[in-house]
Amino acid sequence: MANLNILGMGVALVTPFNSNKDIDFPALERVIDHVVDNGADFLVALGTTGETPALSAEEKKAVKDFVKKKADGRIPLVLGVGGNNTAEVVNQLKEYDLTGYSAILSVVPPYNKPSQEGIFQHFKAIAEASPLPVVLYNVPGRTGVNMTADTTLRLAREVPGIVGIKEASGDIHQIQRLLREKPDGFTVLSGDDGMTYPLMALGAQGVISVLGNAYPKEFAEMVHLCLEGNYIEAVDVHFKFRDIIRLLFTDGNPAGVKCVMHDMGLIENELRLPLVPVCEATAEAILHWVKTLK
């Protein structure tokens, strides 16, 4: 099994837009510098937080290339490549220039609601086509189907090239089993900011974070303390961000974190339909919390 060269605090990058709803590349550069210069261990481009379903094929390639250029080898990069049409994902992997990326992140197929065998065969085909290691992404709250521990462990044990998982099932019993029974070299990353501390205490090796777009230094500090086994100091950071993590997802992701980043002057508070900015009440609650942190 190939080993994944990423762990720690990864950031699921937002895709900034301007008032015309075009990709704001200067703002994306600011975000990349902000997170890289403040302790992020790796970046994930074209994930859920990047509003990837609302991007055209040409825009996805432009973001992929821009992130690689602006990260400039400073930290590892992971590229989101997934979907519910296995053949299309395989074709993308054949067509993409993945130079500069360390791995791909691929989500359980949404909407189709495949069986566990269908999920296994989907990821087996992707791993066979991918020139890079594959990190699975299990997020049943979005996809409509949970990839069970049995399926994840089967993929980890039987399919070369599958090296880790971003786990966002919210099922602590399922994740504990993965951590207990996973093969050596298989990396488990939290896919939920709020569960990062407890999962790392159980043996997870990091997080792919939404909050890290806005507060990379502080959240990376908590993750690094956990990696060092210093859970007493880390828990203080965990509780410090508990309320804002809840607020960031009240009106959906990435609306919450874009609200914070707009207040910081990093990006415009723009999303693409069907996503919209947080409502006024949520914005007030978020910005009140932000002021208490300053």
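Bear in mind that the values here come from a model prediction, so they are computed numbers and not experimental data. (Residues numbered from 1 in each chain as written. Predicted model: local features only at pLDDT ≥ 70, side-chain atom pairs only at ≥ 80, totals over all residues. Heavy atoms only, no water.)

A.B. asks: What is the right way to read unusual backbone geometry from this model?
C.D. replies: Note: most residues except glycine have negative phi, and most peptide bonds are trans. Put simply, Asn-253 and Pro-254 share a cis peptide bond, and its omega is 10°. Although it is not a glycine, Leu-46 sits at a positive phi angle of roughly 65°. Relative to the helices and strands, Leu-46 is located in the loop between strand S2 (42-45) and helix H2 (57-71). One non-glycine residue, Lys-113, lies in the positive phi region at around 55°. Within the secondary structure, Lys-113 sits in the loop between strand S4 (103-107) and helix H4 (116-129). Note on Lys-113: relative accessible area 56%, which makes it exposed. (Helix = DSSP H or I, 4+ residues; strand = E, 2+ residues; numbered from the N terminus. Buried < 20%, exposed > 50% of the residue type's maximum accessible area, 1.4 Å probe, protein only.)

A.B. asks: Please explain the packing of helix H9 (residues 216-227) against helix H10 (residues 231-240) as it appears in this structure.
C.D. replies: Helix-helix packing is described using two parameters, namely the angle between the two axes and the distance between the axes. Their axes nearest at 8 Å, the elements H9 and H10 cross at an angle of 155°. If you check the angle between H9 and H10, you find them roughly antiparallel. Both H9 and H10 take part in a crossing whose hand is left-handed. Only Tyr-231, Glu-233, Ala-234, Val-237 and His-238 of H10 make contact with H9, whose side of the interface consists of Glu-218, Glu-221, Met-222, Leu-225 and Cys-226. Tallied by class, residues from the contact of H9 with H10 come to six nonpolar, one polar and three charged. (Axes fitted to C-alpha atoms, helices over the stretch in contact; angles between N-to-C directions. Parallel < 35°, antiparallel > 145°, perpendicular 65-115°, else oblique. Left-handed = near helix turned anticlockwise from the far one by under 90°. Contact = heavy atoms within 4.5 Å. Nonpolar A, V, L, I, M, F, W, Y, C, P; charged D, E, K, R; others polar.)

A.B. asks: Sorry if this is basic, but what is going on with H9 here?
C.D. replies: An α-helical turn contains 3.6 residues, so a residue and the one three or four places further along point in the same direction. The end-to-end C-alpha distance of H9, which contains 12 residues, comes to 16 Å, matching closely the 16 Å that a straight helix rising 1.5 Å per residue would cover. Taken as a whole, H9 has its buried residues at Pro-216, Phe-219, Ala-220, Met-222, Val-223, Leu-225 and Cys-226. Looking one or two residues past H9, Gly-229 carries a phi angle of roughly 85°, positive in sign. (Expected span 1.5 Å × (residues − 1).)

A.B. asks: Sorry, what's going on with helix H7 (residues 172-181) here?
C.D. replies: If you check which residues of H7 are buried, you get Gln-174, Ile-175, Leu-178 and Leu-179. Seen along its axis, H7 keeps its buried residues to an arc of 135°; they face one direction. Turned more than 90 degrees away from the buried face of H7, the exposed residues are His-173 and Arg-180. Taken together, the buried residues of H7 touch strand S5 (134-138), helix H6 (149-158), strand S6 (162-167), strand S7 (187-190) and helix H8 (196-201). (Arc of directions from axis to C-beta.)

A.B. asks: Would you explain a negative patch on the surface in this entry?
C.D. replies: Judged by side-chain charge, Glu-221, Glu-228, Glu-233 and Asp-236 come together as a negatively charged surface patch. Assignment of secondary structure puts Glu-233 in helix H10. In this structure Glu-233 comes out as partly exposed when scored by relative accessible area, which is 45%. (Patch = residues over 30% accessible without salt bridge, like charges linked within 9 Å, V, L, I, M, F, W, Y side chains within 5 Å. Areas by Shrake-Rupley, 256 points an atom, 1.4 Å probe, with all protein chains shown as cover. Salt bridge = Lys/Arg side-chain N within 4 Å of Asp/Glu carboxyl O. Lys, Arg positive; Asp, Glu negative; His and termini not counted. Charge placed at Lys NZ, Arg CZ, Asp CG, Glu CD.)

A.B. asks: Would you explain the side chain of Thr-152 in this entry?
C.D. replies: Mapped onto the secondary structure, Thr-152 falls in helix H6. Beyond its immediate sequence surroundings of up to four residues, Thr-152 is in contact with Leu-136, Met-147, Ile-165, Leu-178 and Phe-186.

A.B. asks: It is not clear to me how the pairing of S5 should be interpreted in this structure. Could you clarify?
C.D. replies: On a regular strand, each side chain points to the face opposite its neighbour's, so the side chains alternate between the two faces of the sheet. Burial within S5 is extensive, with five of its five residues counted as buried. Across the two faces of S5 the burial is the same, with Val-134, Leu-136 and Asn-138 and Val-135 and Tyr-137 all buried. Of the pairings in the sheet, the one linking S4 to S5 comprises four bridges and is parallel in character. Bridged to Val-107 within S5 is Tyr-137. (Pairing = 2+ DSSP bridges.)

A.B. asks: Would you take a moment to explain the environment of His-34 for this structure?
C.D. replies: Within the fold, His-34 resides in helix H1 (residues 25-36). For the pair His-34 and Leu-287, spaced 253 residues apart in the sequence, the C-alpha separation amounts to 20 Å. For His-34, the residues in contact, after removing those within four places along its chain, are Asn-213, Ala-214, Pro-216 and Leu-266.

A.B. asks: Would you explain the nonpolar core in this entry?
C.D. replies: The tendency in soluble globular proteins is for nonpolar side chains to be buried side by side. Membership of the largest hydrophobic core comes to 88 residues, with the highest contact counts inside it found for Leu-43, Val-67, Phe-123 and Ile-162. With residues up to four places along the chain from it excluded, the contact list for Val-67 reads Leu-13, Leu-28, Ile-32, Ala-45, Leu-77 and Tyr-101. Core analysis: the next-biggest nonpolar cluster, separate from the first, contains 15 residues, Val-78, Leu-105, Val-135 and Ile-208 among them. (Core = buried A, V, L, I, M, F, W, Y, C linked by side-chain atoms within 4.5 Å.)

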